[in-house]
Amino acid sequence: QVQLVESGGGLVQAGGSLRLSCAPSVSFFSINAMGWYRQAPGKQRDLVAVITSDGTANYGDSVKGRFTISRDNAKNTVHLQMNNLNPEDTAVYYCNVIARPHIISRTQNYWGQGTQVTVSS
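Residues numbered from 1 in each chain as written. Predicted model: local features only at pLDDT ≥ 70, side-chain atom pairs only at ≥ 80, totals over all residues. Heavy atoms only, no water.

With respect to the side chain of Arg-38
- On the secondary structure map, Arg-38 appears in strand E4 (residues 30–39).
- Judged by its relative accessible area of 12%, Arg-38 falls in the buried class.
- Here Asp-89 takes part through its side chain, which lies 2.9 Å from a polar atom of the side chain of Arg-38. (Helix = DSSP H or I, 4+ residues; strand = E, 2+ residues; numbered from the N terminus. Buried < 20%, exposed > 50% of the residue type's maximum accessible area, 1.4 Å probe, protein only. Polar contact = N/O pair within 3.5 Å; in protein donor to acceptor, adjacent residues only side chain to side chain.)

What follows is the structure in structure tokens.
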């Protein structure tokens, strides 16, 4: 059973920073992309940031210039540095990995359990 272990969420004041991390519990044969999505109460789950195997990063419009996604290929971990946070960033943040677990496997989509980020005004 593949698990994505997330850490780093919490409560922060507006203007503050948090760093999220996500590490798979197993080693994959290959990873296509790693990223973060978020879902606020009553809203759909939206892309925050994603980074592909070649290091290309894409961001949701609302976080551009404030958030930075990075990837440690040796450890298969992904980090999200969040700066200048505001109350609109309050949500549950989910790690997402698109990967092939084994050489004979199809590419699969994995999700973490989510970590709460709360930004107070």
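Don't stop here, the text continues.
Observations regarding the environment of Asn-76
- Note on placement: Asn-76 falls in the loop between strand E7 (67–72) and strand E8 (77–82).
- Placed 53 residues apart in sequence, Asn-76 and Ala-23 show a C-alpha to C-alpha distance of 6.5 Å.

Structural notes on the state of the cysteines
- Using the criterion set out here, one finds one disulfide in the structure.
- The partner cysteine of Cys-22 in its disulfide is Cys-95, sulfur to sulfur 2.0 Å. Here the S-S torsion is close to -85 degrees, and the disulfide linking Cys-22 with Cys-95 is therefore left-handed. Highlighted residues: Cys-22 in strand E3 (residues 18–24) and Cys-95 in strand E9 (residues 91–100), separated in sequence by 73 residues.
- What makes Cys-22 buried here is its relative accessible area of 1%.
- For Cys-95, a relative accessible area of 0% gives the class buried. (Disulfide = S-S within 2.5 Å.)

Overview of the layout of surface pockets
- The volume enclosed by the largest pocket comes to roughly 150 Å³.
- For the largest pocket, the full set of lining residues is Arg-38, Gln-39, Ala-40, Lys-43, Gln-44, Asp-46, Pro-87, Glu-88, Thr-90 and Ala-91.
- Its residues placed into classes, the lining of the largest pocket shows three nonpolar, three polar and four charged. (1 Å grid on protein atoms, 1.4 Å probe; cavity = no way out; pocket = protein on both sides within 12 Å on 5 of 7 lines; lining within 4 Å. Points joined across faces, edges and corners; volume = space filled by probe spheres on them. Nonpolar A, V, L, I, M, F, W, Y, C, P; charged D, E, K, R; others polar.)

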